Amino acid sequence: MRPVKAALVGVLAVIAALAAGHLVAALVGLSASPYLAVGNTAIDLTPSWLKDFAVTTFGTYDKLVLLSGMAVVILGLAITAGILSRTSPTPGSVMAVVLGLVGIGAVLTRPDVGQLGVVAPIASLFVGLWTFRWLHGKAVEEPEVTGRREFLITAGAAVVAGAAGQLLGNRVDVQSSREAVGTIKASKPAPEIPMTADFAKDGTPTFITSNKDFYRIDTALTVPRLRAEQWSLRIHGMVEKPFILRFDDIMKRELVEETVTLTCVSNEVGGPYISTAKFIGIPIGDVLREAQLKSGPDQLFSTSSDGFTAGSPLDYVLERGMIAIGMNGEALPQEHGFPARLVVPGLYGYVSATKWVTDLNITTFDKEQGYWIPRGWGVRAPIKTMSRIDRPKGLSRTDGKTTVAGTAWAQPKGVAKVEIRIDGGPWQDAELGADVSDSTWRMWRKDVELQPGSHTVECRATDKSGYTQDQARLAPIPDGATGWHSISFTVQ
Ligand SMILES: Nc1nc2c(c(=O)[nH]1)N[C@H]1C(S)=C(S)[C@@H](COP(=O)(O)O)O[C@H]1N2
Ligand SMILES: [Mo]
């Protein structure tokens, strides 16, 4: 058999296998699709340094890069197996079984796939093995053209099966459920945001981030698809009265609205993963008091429908945590946790902000560890007092008279002061935006007049406890970056 033909047999068999698995998975939940399960497992197994590299290099495209990388690896294996099988189908058959077993292993260990999910990778294994042997049989026959029809049939069937799986798997209609929930109004609305809260015309972010522009961080390859009517939240653990909360129960309660800035621990100094919204929901404290806490718990351990977990210190949660169902007046967007998520001002997202939350276990830090803890991140992660320069941009050219502007945050303490200095000179106070809440960021600006040439500007914030942010540069891992943001630019 010609090498090209042999390689094609391998590639087509693998594609058929993955497509069949995807289609069967659609019936039991797409997370059972071997391709996605292997991808999700790869994410969970990726060492922290590589994950950091992926996030800093590819940002939110990291998952697209992962899926493409997997495709390249699998194609490489398929081509190799095909070429090794030029005379005998044995090497390819062995490869089909090995890949099938990898898929089965990945699906069996996914936290969000039931036992039944294993039918998907099993289907992949058999379809892959059978397709390979069938195509191989056709391809070894002379003359050159034999096999061509079978190749086309296989490719066509795979495309149809894969596409059907994708459509069927996404059949849970989240959009109609979101529309049925409609706009959400709080009986206690958050205070209006004053015009003076941001300096957007000077280059700071707008005070409220639109839902569309709100940063997004999660481990999921596919966004969980939950409907509000079917969702429920189990409250259990060290409580006298465990109970289950449904979406309707929340809607019937007095809804509060709070303006909160969410912050991701993975930000480098000056990083982009911070946004602010008006979240609507109910205080978790009320819910936990109804469940009647026993003595001893210190951790609220929350789990999402896709198996992500976060452990939050109970004192923070009792004081300011909320179960949010609304964001800027709308139901939560699907990517931000529809129908419900946690929001705890003052804690980085990975230890508090569980999206698609379905389970609240009241426990201790000794007993349970959140998703990121065994991966090297800190158990306790209160947000650090930080500031960022948004204008001028690094390496940009400006006029001699220019404005330096940015944002600062120190949830839940609040920002008291921001200073800047030029070229290592004296610190100068910046003008602050209106003080909206200690749970939010605070914008700042400062007019400067500079000589032509290159300059460096640095900033530092002081929070309301009197603490001024540390100059020492620390990496995001394990519990948040520190250091003064610094920008170099040129005055013309
Ligand atoms: N289910 C789930 N919830 C999650 C995460 C996740 O990976 N899965 N990531 C957390 C992290 S690290 C952050 S910073 C916030 C980000 O919330 P956002 O995507 O709405 O901005 O969500 C948190 N909640
Ligand atoms: Mo995060």
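Here is what the cut-offs are and how they apply
- Residues numbered from 1 in each chain as written.
- Chains lettered and ligands numbered in written order.
- Predicted model: local features only at pLDDT ≥ 70, side-chain atom pairs only at ≥ 80, totals over all residues.
- Heavy atoms only, no water.
- Buried < 20%, exposed > 50% of the residue type's maximum accessible area, 1.4 Å probe, protein only.
- Helix = DSSP H or I, 4+ residues; strand = E, 2+ residues; numbered from the N terminus.
- Pairing = 2+ DSSP bridges.
- 1 Å grid on protein atoms, 1.4 Å probe; cavity = no way out; pocket = protein on both sides within 12 Å on 5 of 7 lines; lining within 4 Å.
- Points joined across faces, edges and corners; volume = space filled by probe spheres on them.
- Domains from an automatic or database assignment.
- Contact = heavy atoms within 4.5 Å.
- Buried area = accessible area lost by both parts, 1.4 Å probe.
- Salt bridge = Lys/Arg side-chain N within 4 Å of Asp/Glu carboxyl O.
- Polar contact = N/O pair within 3.5 Å; in protein donor to acceptor, adjacent residues only side chain to side chain.
- UniProt positions renumbered as here; feature names shortened; annotations may be inferred.
- Core = buried A, V, L, I, M, F, W, Y, C linked by side-chain atoms within 4.5 Å.

## Some thoughts on the pairing of strand 3 (residues 256-263)
- Counting buried positions along strand 3 gives seven out of eight residues, so the element sits mostly inside the fold.
- Examined bridge by bridge, strand 3 and strand 4 (residues 274-283) share eight bridges and lie antiparallel to one another. Following the sheet pairing, Thr 261 is matched in strand 4 by Thr 276.

## Here we look at the sheet that holds strand 11 (residues 386-391)
- Taken in spatial order, the four strands of this open sheet run 11-13-17-16, and their pairing is antiparallel. Among the strands making up the open sheet, the edge pair consists of strand 11 and strand 16 (431-432).
- Pairing between strand 16 and strand 17 (residues 442-449): two bridges, direction antiparallel. Of the residues in strand 17, the one forming a bridge with Leu 432 is Trp 444.

## Considerations on empty space enclosed by the protein
- Using the criterion set out here, one finds one cavity of 30 Å³ or more in the structure.
- What the largest cavity holds in volume is close to 90 Å³.
- As for the largest cavity, its lining consists of 13 residues, and the residues nearest its centre are Asn 267, Tyr 348, Met 386, Trp 409 and Ala 481.
- Of the domains in this structure, domain 2 (180-375) and domain 3 (386-491) are the two that each give at least three residues to the lining of the largest cavity.

## What to know about the domain arrangement of the protein chain
- When its domains are assigned, the protein chain resolves into domain 1 (3-169), domain 2 (180-375) and domain 3 (386-491).
- Between the C-alpha centres of domain 1 and domain 2 there is a distance of 36 Å.
- With 17 residues of domain 1 at the interface, the matching set in domain 2 holds 15 residues.
- Summing both partners gives a buried area of about 1300 Å² for domain 1 against domain 2, and 55% of it is carried by carbon and sulfur.
- Among the residues of domain 1 in contact with domain 2, Asp 44, Lys 51 and Lys 63 are the three that bury the most area, contributing 31% of the side total.
- For the pair domain 1 and domain 2, the interface holds one salt bridge.
- For Lys 63, the salt bridge goes to Asp 218, with nearest N and O atoms at 3.7 Å.
- Our count for the contact surface shared by domain 1 and domain 2 stands at four residue pairs in polar contact (both at pLDDT 80 or more).
- Where the side of domain 1 that touches domain 2 is concerned, the elements lending two or more residues are helix 2 (34-45), helix 3 (48-58) and helix 4 (62-84).

## A closer look at the UniProt feature "transmembrane region" (unreviewed entry) in the protein chain
- Using the residue numbers shown here, the UniProt feature "transmembrane region" (unreviewed entry) corresponds to residues 63-84, 91-109, 115-135 and 151-169.
- Taken end to end, residues 151-169 is 100% helix and 0% strand, and its first and last C-alpha atoms sit 27 Å apart.

## Structural notes on the nonpolar core
- Of all hydrophobic cores here, the largest spans 86 residues; its most connected members are Ile 235, Phe 279, Leu 300, Ile 323, Tyr 350 and Leu 360.
- Apart from residues no more than four positions distant in its own chain, Phe 279 is found in contact with Phe 214, Val 256, Glu 257, Glu 258, Val 260, Leu 262, Met 322, Ala 324, Gly 326, Met 327, Arg 341 and Val 343.
- Among the nonpolar cores identified, the runner-up in size contains 18 residues, and Ile 389, Val 404, Ile 422 and Ala 461 belong to it.

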